[in-house]
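Geometric and topological summary
The residues making up each chain are set out below.
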Amino acid sequence: MATGPIPAEPDPRLRFELAGPTPDAAGAIGLIRVTAPSDVIDSFCAASLGGSLGVSESRLRPLLGVDRGVAARPSEDVLLLCPHAGPAVIGELLERLARCGVRTEPDAGGSSMDTRLAHALWRARSPLAIDLLLDQPRRWRAEPDPDPTRLEERSRILDRLIEPATIALVGAPNIGKSSLLNALAGAEAALVEDEAGTTLDHLGVAVDLGGVVAHVLDLPGLEASPGGGPRGTAQRLALEALASADLVVLCADGSAGLIEPSEVPDGAARLRVGLRSDLGRADEACDAAVSVHDERGTPGTGGLSGLVALLRDTLVAPEVLADPGPWRFWDSG
Ligand SMILES: Nc1nc2c(ncn2[C@@H]2O[C@H](COP(=O)(O)OP(=O)(O)OP(=O)(O)O)[C@@H](O)[C@H]2O)c(=O)[nH]1
Ligand SMILES: [Mg+2]
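One structure accompanies this document, and this report is about it. (Residues numbered from 1 in each chain as written. Chains lettered and ligands numbered in written order. Predicted model: local features only at pLDDT ≥ 70, side-chain atom pairs only at ≥ 80, totals over all residues. Heavy atoms only, no water.)

Near ligand 1 lie 22 residues; those nearest to it are Lys177, Ser179, Gly197, Arg276 and Asp278. Between Glu193 and ligand 1, the recorded distance is 3.5 Å, taken from a backbone N or O atom to an oxygen atom. Thr198 places a polar main-chain atom, nitrogen or oxygen, 3.1 Å from an oxygen atom of ligand 1. Contact with the protein chains covers 91% of the free accessible surface of ligand 1, which is 650 Å². Residue composition of the shell around ligand 1, by class: 6 nonpolar, 10 polar and 6 charged. (Near = heavy atom within 4 Å. Polar contact = N/O pair within 3.5 Å; in protein donor to acceptor, adjacent residues only side chain to side chain. Areas by Shrake-Rupley, 256 points an atom, 1.4 Å probe, with all protein chains shown as cover. Nonpolar A, V, L, I, M, F, W, Y, C, P; charged D, E, K, R; others polar.)

What follows is about the sheet that holds strand β11 (residues 269-274). Sheets are built from strands that pair by backbone hydrogen bonding, the pairs being arranged parallel or antiparallel. Taken together, the 6 strands give an open sheet; going across it, the order is β8-β9-β7-β10-β11-β12, and neighbouring strands pair in mixed fashion. Only two strands of the sheet have a single partner each, and these edge strands are β8 (203-209) and β12 (288-289). Of the strand pairs in this sheet, strand β7 (residues 165-170) and strand β10 (residues 247-252) are connected by 4 bridges, and their pairing is parallel. By the bridge assignment for β10, Ala168 is matched with Val248. Contacts between helix α7 (residues 177-185) and the sheet are confined to β7, β8, β9 (212-218) and β10, with β8 contributing the most and set at about 45° to the helix. (Pairing = 2+ DSSP bridges. Helix = DSSP H or I, 4+ residues; strand = E, 2+ residues; numbered from the N terminus. Contact = heavy atoms within 4.5 Å. Axes fitted to C-alpha atoms, helices over the stretch in contact; angles between N-to-C directions.)

The subject of this paragraph is helix α8 (residues 229-241). Between its first and last C-alpha atoms α8 spans 19 Å; for 13 residues at 1.5 Å apiece the expected length is 18 Å, and the two agree. Every buried residue of α8 is accounted for by Gly232, Ala234, Gln235, Ala238, Leu239 and Ala241. Tucked inside the fold, the buried residues of α8 contact β9. (Expected span 1.5 Å × (residues − 1). Buried < 20%, exposed > 50% of the residue type's maximum accessible area, 1.4 Å probe, protein only.)

What follows deals with the coordination of the magnesium ion (ligand 2). Those donors, Ser178 (OG) and Thr199 (OG1), are the protein atoms that reach the magnesium ion (ligand 2), and they lie 2.0 to 2.1 Å from it. Separated by 21 residues along the polypeptide, Ser178 in helix α7 and Thr199 in the loop between α7 and β8 bring together distant segments of the chain. For the pair Ser178 and Thr199, one class covers both residues: buried. (Donors = N, O, S within 2.8 Å, 3.2 Å for Na, K, Ca; no water.)

What follows is about the pairing of β10. Within β10, 6 of the 6 residues are buried, leaving the element largely enclosed by the surrounding structure. A two-sided burial pattern is seen for β10, the buried positions comprising Leu247, Val249 and Cys251 on one face and Val248, Leu250 and Ala252 on the other.

On the surface, Glu143, Asp145, Asp147, Glu152 and Glu153 cluster together into a patch of negative charge. For Asp145, a relative accessible area of 72% gives the class exposed. (Patch = residues over 30% accessible without salt bridge, like charges linked within 9 Å, V, L, I, M, F, W, Y side chains within 5 Å. Salt bridge = Lys/Arg side-chain N within 4 Å of Asp/Glu carboxyl O. Lys, Arg positive; Asp, Glu negative; His and termini not counted. Charge placed at Lys NZ, Arg CZ, Asp CG, Glu CD.)

On to the pattern of salt bridges, then. Applying the stated criterion to the full structure yields 17 salt bridges. One salt bridge connects Arg13 with Asp11, and the closest N-O pair in it is separated by 3.0 Å. Here Asp323 and Arg150 are joined by a salt bridge, their closest N and O atoms 2.9 Å apart. Separated by 173 residues along the polypeptide, Asp323 in the segment after α10 (318-322) and Arg150 in helix α6 (residues 148-158) bring together distant segments of the chain. Among the residues examined, Arg150 registers a relative accessible area of 48% and is labelled partly exposed. Among the charged side chains, a network of salt bridges with common partners joins Asp42, Arg73 and Glu76.

Spatial ordering of the open sheet is given by β3-β4-β5-β2-β1-β6, a layout of 6 strands whose pairing is mixed. Taken across any chain shown, the strands that pair with only one partner, and hence form the sheet edges, are β3 (57-63) and β6 (103-104). As paired elements, strand β1 (residues 15-20) and strand β2 (residues 31-35) share 5 bridges and run antiparallel to each other. Looking at the pairing, Arg15 lines up with Thr35 of β2.

What follows concerns the packing of aromatic side chains. Applying the stated criterion across every chain, the model contains 3 aromatic pairs. Consider the rings of Trp327 and Phe329, whose centres lie 6.0 Å apart with planes at 75°: the pair is edge-to-face. Phe329 shares its class with Trp327; the two are buried. On the numbers, 5.0 Å between centres and 85° between planes, the contact of Phe329 with Trp330 is edge-to-face. Taking relative accessible area as the criterion, Phe329 reaches 0% and is therefore assigned buried. Taken together, the aromatic side chains of Trp140, Trp327, Phe329 and Trp330 make up a single cluster linked through ring pairs. (Phe/Tyr/Trp six-rings, centres within 6.5 Å; stacked < 30°, edge-to-face > 60°.)

Given below as structure tokens:
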């Protein structure tokens, strides 16, 4: 284990809470919240984190000589340390914190803003959540009494940065839905064959859409009369899974039109997308046309990268991201 500097004078005003990993939420990155009066935090940063850290700043830093990870300071008197979450690293860090005089927070798991923030940072799946979350203590200080309706609307959307939204790919058999899933995931997650009915069970994959992580569901091709047996059961289960979709991508291609089953939830957003656009255009007007074989897509559309941006912006609108108001991030999930 690497050795490194620790403050010469242990300070009993330093407190810490291990926000993660917890027994019910394992992960690759740990999160330790350190609190103390501002001047104590300043000396702790200088002695143990390789230099000072301003409010709202986050930097890659040596963490008490044990690990290298992100250190963030969401407010004057709070530090968040994000080491690797292996038991040896976490154990050594906690031991060194104790040698700095840092004591376990007596009310760990409480409801103060920074405790909530530590837990939200730990749970957040989307990279775009991090800076926004770190800015929340400042925003709530600047606007402690936001308009409740706007706060509710903004928070409902931004919560998708913590708990990923679900996107469902829906359409006729053999039009390229699974190929699109694989292209979005950058991996061979689903089987692809030039044969109708290749996808039997629906399949979900976490996909990073330019900073917004979503759970993308590939459904079996919908048939008017799937019959009994495994194919009929798979279609029924897939349609049940549609109930959880926040965004439904209605797919068509040059040979098969859009299908919108009655199971699409009323509140879900809808996008119409023409697939296999290199083979011909879908008959209906679509919001985007893509080909996974031809990266450039159809002239006049953004191809795959354009679709990624369209999906991301439909789930989390750019104006919501740019809104300077606070976010009630602790009720997500
Ligand atoms: N030319 C062309 N072929 C494609 C494209 N996308 C998929 N394909 C081909 O279309 C065929 C069907 O692709 P799949 O992704 O399995 O289609 P699917 O809609 O998931 O089919 P089911 O699972 O049966 O519903 C395969 O041969 C793919 O290689 C594309 O953009 N261009
Ligand atoms: Mg398929």
